[in-house]
Amino acid sequence: MNVGILTGGGDCPGLNAVIRAIVKRGLQFDYEFTGIRDGWRGLINGDTQKLTRNDVSGLLPLGGTVLGTSRTNPLKSEKDTKAVMDNIKKLGLGAIICIGGDDTLGVASKLFDMGVNTIGVPKTIDNDLSATDFTFGFDTAVSVVTWALDRLHSTTEAHQRVMVVEVMGRHAGWIAVYGGIAGGADVILIPEKPFDVDEVCGYIMQRKARGKKFSLVVAAEGAYPKQVGGMITKDKELDAFGHAKLGGVGDFLAREIEARTKQESRFVVLGHLQRGGTPTAYDRVLATRYGVHAIEMVKDGKFGRMAALQVNKIVDVSLDE
Ligand code: F6P
């Protein structure tokens, strides 16, 4: 069988480890592999490359994705959807393993309903996919946040400042909570629970009163104050899946805190540092387990499903879920 592999959405540490595992395990079933370039865009344009054992050798620690990625939504126009269906036929793809987050896997689910043999692998640093305990890439992002907080701790304390650290996660607070706990943050703000600026300032003042003259605040990019009533965005532009570019809560909070507490404040946006570079050992192992399971799902004809981690076992669940 000729199996297609694509990586879609924001890149994520461990993508290459999944690709490598799929190909290495799949060669034992005598499958051939077609790498689809730049996510769904590659299937619209017929932009592909063969993937051999040599092509995937050495990929385990590599960040990014050797296949490239994009946030293209092929279901947005009928012309693009038709091009995808035609190219699947032309390339002779018996199955497509789609490595992505909610958008990429949403498309995979719809294509399955249209008769394409899709299988999903849950990727995202945000860890915001249901039906799996952890997505690969999340652990690496949390490690970066922890590393950054350790460094910011000393400079924040030395200057007796408040440091607001804005982290990624879109509508989910997983990175903020895990990174914040691991890095010993004093305040953690998440999108799921709108915060009160006065309450945050009150807590910082309480710390000061008991001799802790510095504070570290971790704010998820989607966290927002009750008073504002909605997430803070960089501009009005939306991507192909209708997502706004989040960002600015760190700057906003640092200003508010300084104005209200009179304590000097700074902010740091960790941004794409959380997504780039080599995956942690945990993510390399998880990505490998997902890749092996995904190609075994192809062998077993388990299409329309996603590999998932549940109570430390790799299982599979329907893409719908
Ligand atoms: O979904 C992953 C993610 O890194 C989010 O945490 C973040 O909001 C978004 O992607 C940023 O996307 P881009 O790389 O397109 O700026």
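Let me begin by describing the structure that accompanies this report. Computed from a prediction, not measured in an experiment: that's the story for all the values here.

## Looking at the pairing of strand β8 (residues 215-220)
In terms of residue burial, β8 counts as a mostly covered element, since six of its six residues are buried. The side-chain alternation of β8 yields two buried faces, one formed by S215, V217 and A219 and the other by L216, V218 and A220. By the bridge criterion, three bridges tie strand β7 (residues 187-189) to β8 in an arrangement that is parallel. Of the residues in β8, the one forming a bridge with V187 is V217. Running through helix α8 (residues 197-209), the crossover from β7 to the neighbouring parallel element β8 is right-handed.

## Quick look at the sheet that holds strand β11 (residues 265-269)
Taken in spatial order, the four strands make up an open sheet running β7-β8-β6-β11, and their pairing is parallel. The open sheet has two free edges, formed respectively by β7 and β11, since each of these has just one partner strand. Neighbour-to-neighbour, the strand axes of this sheet turn through a mean angle of 15°, independent of strand direction. As judged from the six bridges shared by strand β6 (residues 162-167) and β8, these two strands associate in the parallel manner. If you follow V165 over to β8, its bridge partner there is V218. Strands in contact with helix α9 (residues 249-261) are β6, β7, β8 and β11; relative to β6, the strand with the most contacts, it is inclined by about 160°.

## Digging into the environment of A95
As for its position among the elements, A95 is in strand β4 (residues 95-100). Put simply, A95 and W147 are 52 residues apart on the chain and 40 Å apart in space, counted from C-alpha to C-alpha. In contact with A95, other than residues within four places in its own chain, are M1, N2, V3, G4, N117, V298 and F303.

## As for the side chain of D103
Within the secondary structure, D103 is located in helix α5 (residues 102-113). Summary of buried charges: D103 has no salt-bridge partner, and the nearest side chain of opposite charge, R71, is 4.9 Å away. Here H243 takes part through its side chain, which lies 2.8 Å from a polar atom of the side chain of D103. In contact with D103, other than residues within four places in its own chain, are F241 and H243.

## Regarding the site of the ligand
The environment of the ligand is formed by R71, I125, D126, M168, G169, R170, E221, H272 and R275. Take G169: an N or O atom from its main chain is 3.1 Å from an oxygen atom of the ligand. Summarising the interface, the protein chains cover 77% of the accessible area of the ligand, which totals 400 Å² for the free molecule.

## Comments concerning helix α1 (residues 15-27)
Between its first and last C-alpha, α1 extends 19 Å over 13 residues, near the 18 Å set by a 1.5 Å rise per residue. Here α1 lies mainly inside the structure; ten of its 13 residues are buried. Among all positions of α1, only L15, N16, A17, V18, I19, R20, A21, I22, V23 and G26 are buried. Lining the buried residues of α1 we find β1 (2-7), β2 (32-36), α3 (53-56), β4, β5 (118-122) and α10 (281-299).

## As for the pattern of salt bridges
Tallied over the full model, the rule gives 16 salt bridges. D235 is paired through a salt bridge with K245; the nearest N and O atoms lie 3.6 Å apart. Of this pair, D235 sits in strand β9 (residues 233-238) while K245 sits in strand β10 (residues 244-246); the two residues are ten residues apart in sequence, bridging distant segments of the chain. The exposure class of D235 is partly exposed, given its relative accessible area of 31%. Assessed through its relative accessible area of 39%, K245 is described here as partly exposed. For the salt bridge of K302 with D316, the shortest nitrogen-to-oxygen distance reads 3.2 Å. In this pair, K302 is assigned in the loop between α10 and β12 (305-310) and D316 in strand β13 (residues 313-318), connecting sequence segments 14 residues apart. The class of K302 is partly exposed, set by a relative accessible area of 32%. Assessed through its relative accessible area of 14%, D316 is described here as buried. In this structure, a network of salt bridges that share partners links the residues R161, E264 and R266.

Calculation criteria
Every chain is numbered on its own, with residues counted from 1 as its sequence reads. Whole-chain, interface and lining totals are the exception, using all residues; otherwise, since this is a predicted model, local features are given only for residues with pLDDT of at least 70 and side-chain atom pairs are given and counted only at 80 or more. Values shown for side chains rest on all heavy atoms present in the structure; no hydrogens or waters enter the calculation. Each residue is assigned to one of three classes by its accessible area relative to the maximum for its type, calculated with a 1.4 Å probe on protein chains only: buried under 20%, partly exposed between the two thresholds, exposed over 50%. For the purposes of this entry, the term helix denotes a DSSP run of H or I that reaches at least four residues, the term strand denotes a run of E that reaches at least two, and both are numbered from the N terminus. At least two bridges found by DSSP between two strands are what make those strands a pair. Look down the strands so they point away from you; if the path from the first strand over the helix to the second goes clockwise, the crossover is right-handed. Angles here are taken between N-to-C directions and fall from 0 to 180 degrees, while the axes themselves are lines fitted to C-alpha atoms, restricted in helices to the stretch in contact. Any pair of residues with heavy atoms lying within 4.5 Å of one another is described as a contacting pair. The positive count covers Lys and Arg only, the negative count covers Asp and Glu only, and His and the chain ends enter neither. Salt bridges are identified by distance alone: a Lys or Arg side-chain nitrogen within 4 Å of an Asp or Glu carboxyl oxygen. Whenever a nitrogen or oxygen atom comes within 3.5 Å of another N or O atom, the pair is scored as a polar contact, on the condition that within protein one atom can donate a hydrogen and the other can accept it, and that pairs from neighbouring residues in sequence are kept only if both atoms are in side chains. Residues are classed as near a molecule or strand on a simple rule: at least one heavy atom within 4 Å of it. Residue burial considers only the protein chains on display, and all accessible areas are found by Shrake-Rupley using a 1.4 Å probe. One less than the number of residues in a helix, times 1.5 Å, gives the span that helix is expected to have.

Remember that the coordinates give geometry; whether it matters functionally is a separate question.
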